[in-house]
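# A look at the structure
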Amino acid sequence: MSDTQSVETTLEHGVLRLVLNRPDKLNAFNEAMHEELRAGVDRAASDPAVRAVLLTGAGRAFSAGQDLGARDPRAGGPPPDLGETLGRYYNPLIRAIRGLDKPVVAAVNGVAAGAGANVALACDIVLAAESARFIQAFSRLGLVPDAGGSWTLTHLLGEARAKALAMTAEPLGAAQAAEWGLIWRAVPDDALMAEATALAERLAAGPTVGLGLTKAAIQAASDNDLDTQLELERELQRRAGHSADYAEGVAAFLEKRPAAFTGK
Ligand code: T3D
């Protein structure tokens, strides 16, 4: 069921599918799209029926980043406070995706530019159509990478590649992005949605508590030393061990049958 204009939202088989839906603007972010996407992520957090999220774009693009139609300097007036937009929309969105205790899959169906690229890269598992490109378009406008891009690129690729991508704004193809470890996998265009849906449904049928804790552990690893991370693993494993899905997983193993996880 579609319930919004700028982001189409459907829930099926435990997967909340969020489709950025401004295809005539290559799904560029305006305020309405920000608000609807944020509402979708918030629903994923609060609705126990949601056990995974799939984020993709309508039409030929994933997202071209900020809607530049709302940034026309020829309209006159003082320069916009771009820090305000980041503080109000992009930063909370990235924090919400990273903080969500459920898996988020991105299916990058076409070009992902500027903040559009970095929203995709904030997701937990990123699949991209072979024809898709990631463009750190900011330098073409005199801006810096945002939506977490300066952090994500540097953590995943290292300074050399992060700086080159950000300073040149050269498009990075999906296959190269996968080879460099920026995304999980490049997929033939006509197979993308089926593969991404199957992956999201598989995750949605998984041990949701354990997957959420796994996400938290891996995200924390970038900033922790080994001792701190070992202590974190101990704490998270204690919590995972209290989940119903852990009991089910062990029972299923001992009974030589597939586990039927409930997400609890
Ligand atoms: O501002 C703040 O609040 C700070 C936050 C900033 C975050 C950012 O994301 S800054 C970066 C903004 N994004 C860009 O700079 C990318 C701009 N777009 C492009 O460079 C190109 O469109 C693409 C490389 C993504 C795709 O090129 P192409 O040739 O496939 O398509 P196109 O012809 O350029 O675009 C198709 C239509 O989408 C076109 O509209 P038209 O002429 O058919 O009516 C184009 O104007 C529109 N479009 C594409 N990107 C945007 C956009 N409209 C508004 N905003 C866009 N970002």
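Residue positions within a chain follow its written sequence, with the count starting from 1. In view of the model being predicted, local features appear only for residues whose pLDDT reaches at least 70, and side-chain atom pairs are presented and counted only at 80 or more, with totals across whole chains, interfaces and linings using the full set of residues. Only hydrogens and water are set aside when side-chain values are computed; all heavy atoms of the structure are taken into account.

### Some words on the pairing of strand β1 (residues 7-12)
The rule for pairing is simple: two strands pair if DSSP sees at least two bridges between them. Helix numbering and strand numbering both begin at the N terminus, where a helix is a DSSP run of H or I of at least 4 residues and a strand a DSSP run of E of at least 2. As judged from the six bridges shared by β1 and strand β2 (residues 15-20), these two strands associate in the antiparallel manner. What sits directly across from T10, in β2, is R17. Counted along the chain from β1 to the antiparallel partner β2, the turn is two residues long, and its residue H13 has a positive phi close to 50°.

### Thoughts on the domain arrangement of the chain
One can read the domain layout of the chain as domain 1 (7-204) and domain 2 (208-255). Where each domain begins and ends is defined by an automated method or by a domain database. Each of domain 1 and domain 2 was reduced to a C-alpha centroid, and the two centroids are 27 Å apart. Note on contacts: a residue pair qualifies if any of its non-hydrogen atoms lie within 4.5 Å across the two residues. If you look at the interface, domain 1 gives twelve residues, while domain 2 gives seven residues. Counting each side, the surface lost to burial between domain 1 and domain 2 is near 760 Å², with a carbon and sulfur contribution of 47%. Here a salt bridge means any side-chain nitrogen of Lys or Arg lying within 4 Å of a carboxyl oxygen belonging to Asp or Glu. Here domain 1 is connected to domain 2 by one salt bridge. One salt bridge in this structure joins D124 and K215, with 2.9 Å as the shortest N-O distance. Throughout this description, a polar contact denotes any pair of N or O atoms lying within 3.5 Å of each other; where both atoms belong to protein, one of them has to be capable of donating a hydrogen while the other can accept it, and for residues adjacent in sequence the pair is counted only when both atoms sit in side chains. Our count for the domain 1 to domain 2 interface comes out at six residue pairs in polar contact (both at pLDDT 80 or more). Buried area adds together the accessible area that both of two parts lose upon being put together, with accessible area traced by a 1.4 Å probe.

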